Amino acid sequence: MADEGHSVQLAARVLGVSASGYYEWNTRAPSARSIRHALLTDAIREVHTLSRGTYGFRRVHAELTLGRGLVVAHGTVELLMQRAGLKGVSRPLHTIGTVVRADGPFISVRVRSRRGVTHLEQYRRRDGSCVGGRGQTESVTADL
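Residues numbered from 1 in each chain as written. Predicted model: local features only at pLDDT ≥ 70, side-chain atom pairs only at ≥ 80, totals over all residues. Heavy atoms only, no water.

**A short note on the overall build of the protein**
Regarding its fold elements, the protein presents 5 helices and 5 strands. Reading the protein from its N terminus to its C terminus gives the helix and strand order α-α-α-α-α-β-β-β-β-β. Carbon together with sulfur atoms contributes 53% to the accessible area of the protein, which is approximately 10,600 Å² in total. (Helix = DSSP H or I, 4+ residues; strand = E, 2+ residues; numbered from the N terminus. Areas by Shrake-Rupley, 256 points an atom, 1.4 Å probe, with all protein chains shown as cover.)

As structure tokens, then:
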């Protein structure tokens, strides 16, 4: 509020704090954590840029710890990437086909795969009702 042209005394009274506390906070040096976060954010931006924006927080964390020897938790890397607006590129699930089987209780299965992991996305019963769908996947073997 003081930055918007209001007096410090009025802003302090409205917010229920002392004016001297505001001045102390305003002149305080940055904390060790905020300095470390600023330095880590710079390193994260550099690694992310060198990867052409493809690395997510797991790969950035691996590069920082294994490649550069920094000691940092993966949660901190994830937090700082979120704050900086950095995201990695992930591969979407691809539909690899529909398997039609006349035997058993089900007649069709939509199969989706990501890097060799296959999931049943939706299967239709003989009576025409669908089972499964978004968020209700089951792992299956790849020999369908």
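Resuming the write-up.
**Overview of unusual backbone geometry**
Of note, the phi angle at R52 is positive, near 60°, even though the residue is not glycine. Relative to the helices and strands, R52 is located in the loop between α3 (32-50) and α4 (57-67).

**Digging into the packing of α3 against α4**
Two elements in contact, α3 and α4, have axes whose closest approach is 10 Å; the angle formed by their N-to-C orientations is 110°. Classed by the angle they form, the pair α3 and α4 counts as roughly perpendicular. Our pair here, α3 against α4, has a crossing hand that is right-handed. The residues of α4 that touch α3, namely those facing A43, I44 and V47, are V60, E63 and L64. Among the residues forming the contact of α3 with α4, the class breakdown is 5 nonpolar, no polar and 1 charged. (Axes fitted to C-alpha atoms, helices over the stretch in contact; angles between N-to-C directions. Parallel < 35°, antiparallel > 145°, perpendicular 65-115°, else oblique. Left-handed = near helix turned anticlockwise from the far one by under 90°. Contact = heavy atoms within 4.5 Å. Nonpolar A, V, L, I, M, F, W, Y, C, P; charged D, E, K, R; others polar.)

**Notes on the nonpolar core**
Of all hydrophobic cores here, the largest spans 12 residues; its members are L40, A43, I44, V47, F57, V60, L64, V72, V77, L80, M81 and L86. Looking at this core, the elements with two or more residues in it are α3, α4 and α5 (74-84). Among the elements that make up this core, the one with the highest residue count is α3 (4 residues). Excluding anything up to four places from it in sequence, L86 contacts I44, R45, H48 and M81. (Core = buried A, V, L, I, M, F, W, Y, C linked by side-chain atoms within 4.5 Å. Buried < 20%, exposed > 50% of the residue type's maximum accessible area, 1.4 Å probe, protein only.)

**Comments concerning the confidence of the model for the protein**
In this model, the protein carries a mean pLDDT of 76, and residues with pLDDT of at least 70 account for 60%. Across residues 134-144, confidence stays below pLDDT 50; counting only partners more than four residues off in sequence or on other chains, it has 19 contacts. (pLDDT = per-residue confidence, 0-100.)

**Focus: α4**
For α4, the complete set of buried residues consists of F57, V60, H61 and L64. What you see down the axis of α4 is that its buried residues fit within an arc of 100°, all on one side. Of the exposed residues in α4, the ones pointing more than 90 degrees away from its buried face are R58, R59, L66 and G67. Buried residues in α4 make contact with α3 and α5. (Arc of directions from axis to C-beta.)

**With respect to the side chain of H37**
Within the secondary structure layout, H37 lies in helix α3. You can call H37 buried: its relative accessible area is 17%. Those residues in contact with H37 that lie beyond four places of it in its chain are T76, L79, L80 and R83.

**Concerning the environment of S20**
Mapped onto the elements of the fold, S20 is located in helix α2 (residues 19-27). For S20, a relative accessible area of 53% puts it in the exposed group. Linking S20 and Q9, residues 11 residues apart in sequence, is a C-alpha distance of 9.3 Å. Side chain to side chain, S20 and S18 meet in a polar contact 3.4 Å long. (Polar contact = N/O pair within 3.5 Å; in protein donor to acceptor, adjacent residues only side chain to side chain.)

**Details of the packing of aromatic side chains**
Aromatic ring pairs are described here by two measures, namely the spacing of the ring centres and the angle between the planes. Taken as a whole, this structure holds 2 aromatic pairs when the rule is applied. Consider the rings of Y22 and Y23, whose centres lie 5.4 Å apart with planes at 65°: the pair is edge-to-face. Geometrically, the ring pair formed by Y22 and W25 is tilted, given 6.0 Å between the ring centres and 40° between the ring planes. With Y22 and W25 both in helix α2, this residue pair falls 3 residues apart, about one helical turn. Every member of this aromatic cluster is reached through a ring pair, and the members are Y22, Y23 and W25. (Phe/Tyr/Trp six-rings, centres within 6.5 Å; stacked < 30°, edge-to-face > 60°.)

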